[in-house]
Amino acid sequence: MRPAHVCLAVLVAAVWGVNFVVIEVGLDHFPPLLFSALRFLVAALPAVFFVGRPKVAWKWVVGVGLVLGVAKFGLLFIGMDAGMPAGLSSLVLQIQAVFTALFAALALGERPGRVRVWGMCVALAGIAVAAVDEGEGGPLTAFVLLIGAAACWGVSNVLTRKAAPPDPLNFMVWVSTVPVLPLLGLSLLFEGPSRDLAALRSLDGPGVGIVVYVAWVTTVFGFGAWGYLLRRHPASTVAPFSLLVPVFGMSSAALVLDESVSALRWCAAALLVGGVALTSFARTGGVSRSGSRGGTAAHGRGPADPRAVPPPRTSASRTPSTATPPTAPR
C-alpha cells in the first residue's frame, strides 16, 4: 500500500475507535434508542438522494437494516448506557468475527479450518477473561448485551455477504434508512415520549456535533474510505487495519474518559485480538455450498465484511467512572 493509503486505513480505524468514546458522551445527551435512531436518520439524509437507487434486492437492505441497525446498534447503545465501558465495548464487539465464522458455516456451508477453529477458541478465552474482569467491577448484564450486539453483527455480515452489494457506500446509506422508524417506535415505547422530547428540546451544539460524528464521520466517511481502499488493494491487505479499532478505542477511553485498564483487561485484549486475527485471516477448510473453495466468512466494523465485500465501517460506566472500539459502530 502507498503511504497515503496506509495513513487513510489507520485514520479510519482511529475514527471507529474514538466513536465509542463519542457514543459514551452522547448517551449523556440522548436516551440510547433515540440516539441510535438519530444516528441513522442523519446518516441517511440527505445522502440517500445522491447515491442512486439500491443496487441489491430490497430484502437484503431491509434484512441488514433490521439486524444491524435495530438489533446490533440498539443492544450496543443500551449496553453502554447500562454501564458497559467504552473501551471494553470496542474490544468485546470484535467477537463478531467468531460469530460471523460460525454463522457462515451454518448458512453458507463454509467449514472453518483448524487454524480458524483455534482462533475462535483463543478469542472466546479472551471474552471469558473480559467477563471475569467486568464481573468484578461492572454490570454483567451490560456485558451480555454487548455479546448479543456482536452476534447480531455476525448475522448482518453473513446477510451482507449474500447480498454482495457492488457499491458498499450506496448499500450502507440505504441500510441506514431502515432502522429509523423502528428505533423511534421502540424509543417512544420503552424510553417514553417525555424523555425523548426533553432530549430534543435540550439539544445543543455538542449534541449536534456528536450526532454528526457518529452519522457522517464514522458511517459515511468511514465506510466510504474503507470501500475506496478495498477497491484498490486486496482485502487481506486492508482488513488487518480493523484490528487497530480496539487499540484506539481503549486508549481514547483511557485518555478522554479516564477509564482504567486492568491487567486482566490487557490480557483479554491480547487474547481477543490474537484470536480474531486468526479467525479472520485463516482460510476456510473445504468447499462452500456456492462451490467456491476456501472462502472466508464476512467480518467487519460495520455491516459488511472487509474481506467479503467492501464494508461500511460502524465508555465508561453510566455511573461516575468508566473504558473499547468503535469501539465501530459502526
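All values reported here derive from a predicted model rather than from experimental measurement.

*Asks:* What is the right way to look at the overall build of the chain in this model?
*Replies:* Each helix and strand counted, the chain has 14 helices and 0 strands in total. When the helices and strands of the chain are placed in sequence order, the string is α-α-α-α-α-α-α-α-α-α-α-α-α-α. Expressed as a percentage of the 330 residues in the chain, the buried residues total 56%. As displayed, the chain has an accessible area near 12,600 Å², and 70% of this comes from carbon and sulfur atoms.

*Asks:* What's the story with the nonpolar core in this structure? I'm lost.
*Replies:* Ranked by size, the top nonpolar core spans 85 residues in total, and within it Ile-23, Phe-35, Leu-76, Leu-93 and Ile-95 carry the most contacts. Once residues lying within four places of it in the same chain are set aside, the contact partners of Leu-76 are Phe-20, Ile-23, Leu-93, Leu-146 and Ala-149.

*Asks:* I would appreciate a short explanation of the packing of helix 3 (residues 58-81) against helix 7 (residues 140-163) in the present structure.
*Replies:* Interaxial distance between helix 3 and helix 7 falls to 8 Å at its minimum, and their mutual angle equals 165°. With respect to each other, helix 3 and helix 7 are oriented roughly antiparallel. Where helix 3 crosses over helix 7, the two elements pack in a sense that is left-handed.

*Asks:* What's the story with the confidence of the model for the chain in this structure? I'm lost.
*Replies:* Regions with low pLDDT carry predicted coordinates that are not meant to be interpreted in detail. Per-residue confidence for the chain averages 83 on the pLDDT scale, and 83% of its residues sit at or above 70. Below pLDDT 50 for its whole length, residues 286-330 participates in 255 contacts with residues either more than four positions away or in separate chains.

*Asks:* Please clarify how the packing of aromatic side chains should be interpreted in this entry.
*Replies:* What describes a pair of aromatic rings is the distance from one ring centre to the other and the angle between the planes of the rings. Under the criterion given, the structure shown has 8 aromatic pairs. Pairing Phe-73 with Phe-77 gives two aromatic rings, centres 6.3 Å apart and planes at 80°, and the pair type is edge-to-face. On the criterion of helical spacing, the pair formed by Phe-73 and Phe-77 is a turn pair, its members being 4 residues apart in helix 3. Looking at Phe-77, the relative accessible area reads 0%, which means it is buried. In this arrangement the basic side chain of Arg-39 is found over the ring face of Phe-73, its NZ or CZ atom lying 4.2 Å from the centre.

*Asks:* Just to check I follow, could you spell out helix 8 (residues 168-177) for this structure?
*Replies:* What sets the pattern is the α-helix's 3.6 residues per turn: residues three or four places apart point alike. The buried fraction of helix 8 amounts to 8 of the 10 residues, a majority that puts the element mostly inside the structure. For helix 8, the complete set of buried residues consists of Pro-168, Asn-170, Phe-171, Met-172, Val-173, Trp-174, Val-175 and Ser-176. Those residues of helix 8 that are buried are in contact with helix 2 (32-44), helix 3, helix 7, helix 9 (180-190) and helix 11 (205-232). N-cap assignment for helix 8: the residue whose side-chain oxygen lies 3.2 Å from the backbone N of Leu-169 is Asp-167.

*Asks:* What should I look at first to understand unusual backbone geometry in this one?
*Replies:* Excluding glycine, residues mostly carry a negative phi; peptide bonds, for their part, are mostly trans. Between Leu-45 and Pro-46 the backbone carries a cis peptide bond, its omega angle lying at 5°. A positive phi angle, close to 50°, is found at Ala-164, a residue other than glycine. For Ala-164, a relative accessible area of 43% corresponds to the partly exposed category. At Asp-258, a residue that is not glycine, the phi angle is positive and equals roughly 60°. Assessed through its relative accessible area of 64%, Asp-258 is described here as exposed.

*Asks:* Looking at this structure, I do not really get the packing of helix 1 (residues 3-26) against helix 13 (residues 245-256). What am I missing?
*Replies:* When two helices pack together, their arrangement is given by the angle between their axes and by how far apart the axes lie. Direction vectors running N to C along helix 1 and helix 13 enclose 45°, while the axes themselves pass 7 Å from each other. Relative to helix 13, the element helix 1 lies oblique. Crossing hand, helix 1 versus helix 13: right-handed. For the pair helix 1 and helix 13, the contacting residues are Val-10, Ala-13, Ala-14, Trp-16, Gly-17, Val-18 and Val-21 in the first and Val-245, Phe-248, Gly-249, Ser-252, Ala-253 and Val-256 in the second. Each residue belonging to the contact of helix 1 with helix 13 can be placed in one class, and the counts come to 10 nonpolar, 3 polar and no charged.

Criteria and cut-off values
Residues numbered from 1 in each chain as written. Predicted model: local features only at pLDDT ≥ 70, side-chain atom pairs only at ≥ 80, totals over all residues. Heavy atoms only, no water. Helix = DSSP H or I, 4+ residues; strand = E, 2+ residues; numbered from the N terminus. Buried < 20%, exposed > 50% of the residue type's maximum accessible area, 1.4 Å probe, protein only. Areas by Shrake-Rupley, 256 points an atom, 1.4 Å probe, with all protein chains shown as cover. Core = buried A, V, L, I, M, F, W, Y, C linked by side-chain atoms within 4.5 Å. Contact = heavy atoms within 4.5 Å. Axes fitted to C-alpha atoms, helices over the stretch in contact; angles between N-to-C directions. Parallel < 35°, antiparallel > 145°, perpendicular 65-115°, else oblique. Left-handed = near helix turned anticlockwise from the far one by under 90°. pLDDT = per-residue confidence, 0-100. Phe/Tyr/Trp six-rings, centres within 6.5 Å; stacked < 30°, edge-to-face > 60°. Lys NZ or Arg CZ within 6 Å of the ring centre and 35° of its normal. Polar contact = N/O pair within 3.5 Å; in protein donor to acceptor, adjacent residues only side chain to side chain. Nonpolar A, V, L, I, M, F, W, Y, C, P; charged D, E, K, R; others polar.

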